[in-house]
Amino acid sequence: MEVSKYTFLFAFGGGAYYAIEMFSRGYSHWTMFLLGGCCFVLCGLLNEWQTMRFSLIQQMFLSMLMITFLELVAGVILNLWLKLGIWDYSNMPFNLYGQICLPYACLWFGLSAVAIFADDYLRYWLYGEERPVYRIW
């Protein structure tokens, strides 16, 4: 059950991110499905730890850090080492190697709320997990 649950959540997150890129940029790359799936599952796992109950803002901030870190790792491998040229933030303010930048980190902060809600409600509706309750701060 756990394997199928996380496979579904991974595919949902990857598909959603791929669709967002297709809608907003008009193209994507198959590796973005993988990156989006990983990010979605990790964002969802933040509030699954029973010993730590993060507020929504804390979850969003930690999600933003995880997504930005994974984007940096993926960007270094895919864009700098393999030269695939999937994205380039060189013209964006506060960028690092053209792979991550502050404006997109802020976007990940906001988008992570959508991922957190989606993960929580998918778990509740499809897998009978506890009903989501949020503490903003």
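For the structure, check the block above.
Notes on the structure follow. (Residues numbered from 1 in each chain as written. Predicted model: local features only at pLDDT ≥ 70, side-chain atom pairs only at ≥ 80, totals over all residues. Heavy atoms only, no water.)

## A look at the environment of Phe8
For step 1, the next point in the chain: Of note, Phe8 is situated in helix α1 (residues 2-25).
For step 2, the next point in the chain: Along the backbone, Phe8 and Leu122 are 114 residues apart, and their C-alpha atoms lie at a distance of 9.8 Å.
For step 3, the next point in the chain: Apart from the residues within four sequence positions on either side, Phe8 is in contact with Leu122, Leu126 and Tyr127. (Helix = DSSP H or I, 4+ residues; strand = E, 2+ residues; numbered from the N terminus. Contact = heavy atoms within 4.5 Å.)

## Points about the packing of helix α2 (residues 30-45) against helix α3 (residues 56-81)
For step 1, the next point in the chain: Contact geometry for α2 and α3: axes closest at 10 Å, N-to-C directions at 155°. Relative to α3, the element α2 is oriented roughly antiparallel. Note that α2 runs across α3; the crossing there is right-handed. Residues Thr31, Met32, Leu35, Cys39, Leu42 and Cys43 of α2 pack against Ser63, Met66, Ile67, Leu70, Glu71, Ala74 and Leu78 of α3.
For step 2, the next point in the chain: Across the contact of α2 with α3, the residue classes break down as ten nonpolar, two polar and one charged. (Axes fitted to C-alpha atoms, helices over the stretch in contact; angles between N-to-C directions. Parallel < 35°, antiparallel > 145°, perpendicular 65-115°, else oblique. Left-handed = near helix turned anticlockwise from the far one by under 90°. Nonpolar A, V, L, I, M, F, W, Y, C, P; charged D, E, K, R; others polar.)

## A closer look at the side chain of Asn79
For step 1, the next point in the chain: Tracing the backbone shows Asn79 in helix α3.
For step 2, the next point in the chain: At a separation of 3.4 Å, a polar atom in the side chain of Asn79 contacts the main-chain amide nitrogen of Gly85.
For step 3, the next point in the chain: Contacts of Asn79, omitting those with residues within four sequence positions, involve Ala74, Leu84, Gly85, Ile86, Trp87 and Gln99. (Polar contact = N/O pair within 3.5 Å; in protein donor to acceptor, adjacent residues only side chain to side chain.)

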